[in-house]
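The chain contents come next:
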Amino acid sequence: MSAFWLLARVDIQREVRRRWFLGVVVAGIVASVMVVIGATTASNIDDTFRSGGASVLLLGGLVVALGLGATAFWRDIQSGSLGLAAAAGAPRGVLSSSRVVSRLAMLAGVLAVWTFTLVVGGLVSGLGLHGPFITHALAEYVTLALTLLATAAASTVLGPWVAAIIGLMMHITAQATVNLSAAADVGRLGSANRLAHVAYNMLPHTIVSPMIAEMQNRDAGGPAAPQFEINNVPVPIHPSTMGSVLWTIAWCAFLAWLCFVGIRRRNLN
């Protein structure tokens with residue numbers, strides 16, 4: 001087995017046993033079951049199921065992404081374990097890339113477990129397959145991967161709490177970029193319309209699935225997608241295009257590269 005896959009596997013085996021990680025996973029499963037149960041008794045089954053499930057993926061996923069990103073490097077830099085691995089002959093590029101891949105894989109695994117619980121629970125309860133929700137889960141993963149990588153890049157030079165704050169700011173910025181661009185599309189920002197479009201073309205975007213855009217515009221998205229308003233006038237949000245998805249993936253690649261740069265320039269004790 002190559003050093004890359006060995007380091008990634010060891011990191012996964014270690015992190016999945018941590019109490020905070022297991023606690024969040026179990027809490028997400030319980031919340032998913034509660035969403036399914038609540039949907040079976042709701043007057044609007046589809047909206048209740050989808051908004052509740054989207055909230056589980058967003059809120060729980062944020063905790064997982066920030067937690068995995070904030071602990072990606074700083075803790076092992078301070079403990080000296082990364083330094084020992086480097087002294088044993090592991091290239092710094094392998095140290096950073098294996099850690100990035102292992103953290104992204106854990107995030108994907110958690111979202112897959114919650115999505116599986118929701119979708120299978122819906123099928124067993126007679127709520128239907130809810131295919132659009134599966135598409136939304138994939139879109140949510142890309143957005144959360146962006147948040148995780150921004151946090152991980154910060155954790156090469158900063159402590160976990162500061163790194164988590166930076167990752168959260170990245171998530172908020174990506175969401176604001178999409179919202180303000182939508183407002184500029186309909187001329188709601190006045191002289192700042194062009195500035196909003198420039199920011200949209202430069203900054204990363206949250207990925208908006210067709211399901212969540214439709215629900216958000218009807219004010220049925222719940223905590224995961226509240227209706228966006230300016231001066232109490234709703235602003236329509238559009239699903240992300242393939243270009244937007246590819247742009248955010250490119251930002252993910254850039255942030256992964258920053259992780260490599262951070263580890264390459266760090267003094268690993």
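Scroll up for the structure.
Scope of this entry: the structure provided in the associated data block. (Residues numbered from 1 in each chain as written. Predicted model: local features only at pLDDT ≥ 70, side-chain atom pairs only at ≥ 80, totals over all residues. Heavy atoms only, no water.)

### A short note on a nonpolar patch on the surface
To keep it simple, the criterion reads: The residues that make up patches have over 30% relative accessible area and no salt bridge, and they are joined within 9 Å when like-charged or within 5 Å when they are Val, Leu, Ile, Met, Phe, Trp or Tyr. For the area figures, the Shrake-Rupley method with a 1.4 Å probe applies, and any residue is considered shielded solely by the protein chains shown. Each reported salt bridge corresponds to a side-chain nitrogen of Lys or Arg within 4 Å of a carboxyl oxygen of Asp or Glu. Secondary structure follows DSSP: runs of H or I at least 4 residues long count as helices, runs of E at least 2 residues long count as strands, and numbering of each begins at the N terminus.
Residues Val26, Val30, Val33, Met34 and Ile37 make up a contiguous nonpolar surface patch of about 440 Å² in total accessible area. Secondary-structure assignment places methionine 34 in helix H2 (residues 19–40).

### Remarks on the packing of aromatic side chains
Using the following cut-off: By convention, a stacked pair of Phe, Tyr or Trp rings (six-membered ring in the case of Trp) has centres within 6.5 Å and planes under 30 degrees apart, an edge-to-face pair has planes over 60 apart, and any other such pair is tilted. Buried means the residue's accessible area, taken with a 1.4 Å probe over protein chains only, is under 20% of the maximum for its type, while exposed means over 50%, and partly exposed covers the values in between.
This model, assessed by the stated rule, comprises five aromatic pairs. With 4.8 Å between their ring centres and 90 degrees between their planes, phenylalanine 4 and tryptophan 5 make a pair best called edge-to-face. The exposed category is assigned to tryptophan 5, whose relative accessible area is 52%. Every member of this aromatic cluster is reached through a ring pair, and the members are Trp251, Phe254 and Trp257.

### Brief notes about the nonpolar core
Let me state the cut-off plainly: In these notes, a set of buried Ala, Val, Leu, Ile, Met, Phe, Trp, Tyr and Cys residues joined through side-chain atoms within 4.5 Å is what counts as a nonpolar core. A contact between two residues is defined here by any heavy atoms of the two lying within 4.5 Å.
One finds Val64, Phe73, Leu107 and Trp114 to be the most contacted residues of the largest nonpolar core, which totals 61 residues. The set of elements that each furnish at least two residues to this core consists of H2, helix H3 (45–70), helix H5 (81–87), helix H6 (92–124), helix H7 (131–154), helix H8 (160–185), helix H10 (210–217) and helix H11 (242–265). Setting aside residues no more than four positions away along its own chain, valine 64 makes contact with Trp20, Phe21, Val24, Leu107, Val110 and Trp114.

### Considerations on the layout of surface pockets
Heads up, the rule is: Think of a 1 Å grid over the protein atoms and nothing else: a 1.4 Å probe that fits but is trapped marks a cavity, an open set flanked by protein within 12 Å on at least five of seven lines marks a pocket, and residues with an atom within 4 Å of a point count as lining. Grid points are joined across faces, edges and corners, and a volume is the space filled by probe spheres set on the points. Gly falls in the polar group here, along with every residue not listed as nonpolar (Ala, Val, Leu, Ile, Met, Phe, Trp, Tyr, Cys, Pro) or charged (Asp, Glu, Lys, Arg).
Approximately 300 Å³ is the volume attributed to the largest pocket. If you go around the largest pocket, you meet 18 residues; those closest to its centre are Leu58, Gln175, Thr206, Ala224 and Ala225. If you list the elements that add at least two residues to the lining of the largest pocket, you get H7, H8 and H10. A per-class count over the lining of the largest pocket returns nine nonpolar, eight polar and one charged. In this structure, the second largest pocket is lined by 14 residues; those nearest its centre are Leu7, Val10, Ala85, Leu95 and Arg99. By residue number, the principal contributor to the lining of the second largest pocket is helix H1 (residues 3–15), which donates six residues.

### Thoughts on the side chain of glutamate 140
Put simply, the rule reads: When charges are tallied, Lys and Arg are placed among the positive residues and Asp and Glu among the negative ones, while His and the ends of the chain are skipped.
The residue glutamate 140 is located in helix H7 in this model. The side chain of glutamate 140 is buried and forms no salt bridge, while arginine 50, the nearest opposite charge, is found at 14 Å. Residues contacting glutamate 140, with those up to four places away along its chain left out, are Leu57 and Leu58.

### Regarding unusual backbone geometry
Even without a glycine there, the phi angle at aspartate 219 is positive, about 60 degrees. Examined against the element boundaries, aspartate 219 turns out to sit in the loop between H10 and strand E1 (229–230).

### Points about the environment of glutamine 175
On the secondary structure map, glutamine 175 appears in helix H8. For glutamine 175, a relative accessible area of 28% gives the class partly exposed. In the structure, glutamine 175 is positioned 20 residues away from leucine 195 in sequence and 16 Å away in space, judged by C-alpha atoms.

### Some words on the packing of H7 against H11
Our working definition: All axes are obtained by fitting lines to C-alpha atoms, using only the stretch in contact for helices, and the reported angles, taken between N-to-C directions, cover 0 to 180 degrees. Here roughly perpendicular refers to angles of 65 to 115 degrees, roughly parallel to angles under 35, roughly antiparallel to angles over 145, and oblique to all remaining angles. For a crossing to be left-handed, the near helix must be turned anticlockwise from the far one by less than a right angle; the clockwise case is right-handed.
Interaxial distance between H7 and H11 falls to 8 Å at its minimum, and their mutual angle equals 20 degrees. Here H7 is positioned roughly parallel relative to H11, judged by the angle of their axes. As H7 packs across H11, the resulting crossing turns out to be left-handed. Across the interface between the two elements, Val142, Ala145, Leu146, Leu149, Ala150, Ala152 and Ala153 from H7 touch Thr248, Ile249, Trp251, Cys252, Leu255, Ala256, Leu258 and Cys259 from H11. When the residues that make up the contact of H7 with H11 are grouped by side-chain class, the tally is 14 nonpolar, one polar and no charged.

### A word on the pattern of salt bridges
Throughout the structure, instances matching the rule amount to 11 salt bridges. For aspartate 76, the salt bridge identified is with arginine 99, shortest N-O distance 2.8 Å. Placement of aspartate 76 in helix H4 (residues 74–79) and of arginine 99 in helix H6 is noted, with a sequence separation of 23 residues between them. We note that aspartate 76, like arginine 99, is buried. Salt bridges linked by common partners bring Asp11, Arg14, Glu15, Arg18, Arg75, Asp76, Arg99 and Arg103 together as one network.

### Here we look at H8
Which entries qualify depends on this criterion: Working rule for helices: expected span equals 1.5 Å times residues minus one.
Here H8 spans 38 Å end to end across 26 residues, near enough to the 38 Å set by a 1.5 Å rise per residue. Two residues or fewer past H8, glycine 187 is found with a positive phi of approximately 70 degrees.

### A look at the environment of isoleucine 77
Looking at the element boundaries, isoleucine 77 is found in helix H4. Take isoleucine 77: its relative accessible area is 1%, and that puts it in the buried class. For the pair isoleucine 77 and asparagine 267, spaced 190 residues apart in the sequence, the C-alpha separation amounts to 8.5 Å.

Without other data, these values stay purely geometric and don't point to any function.
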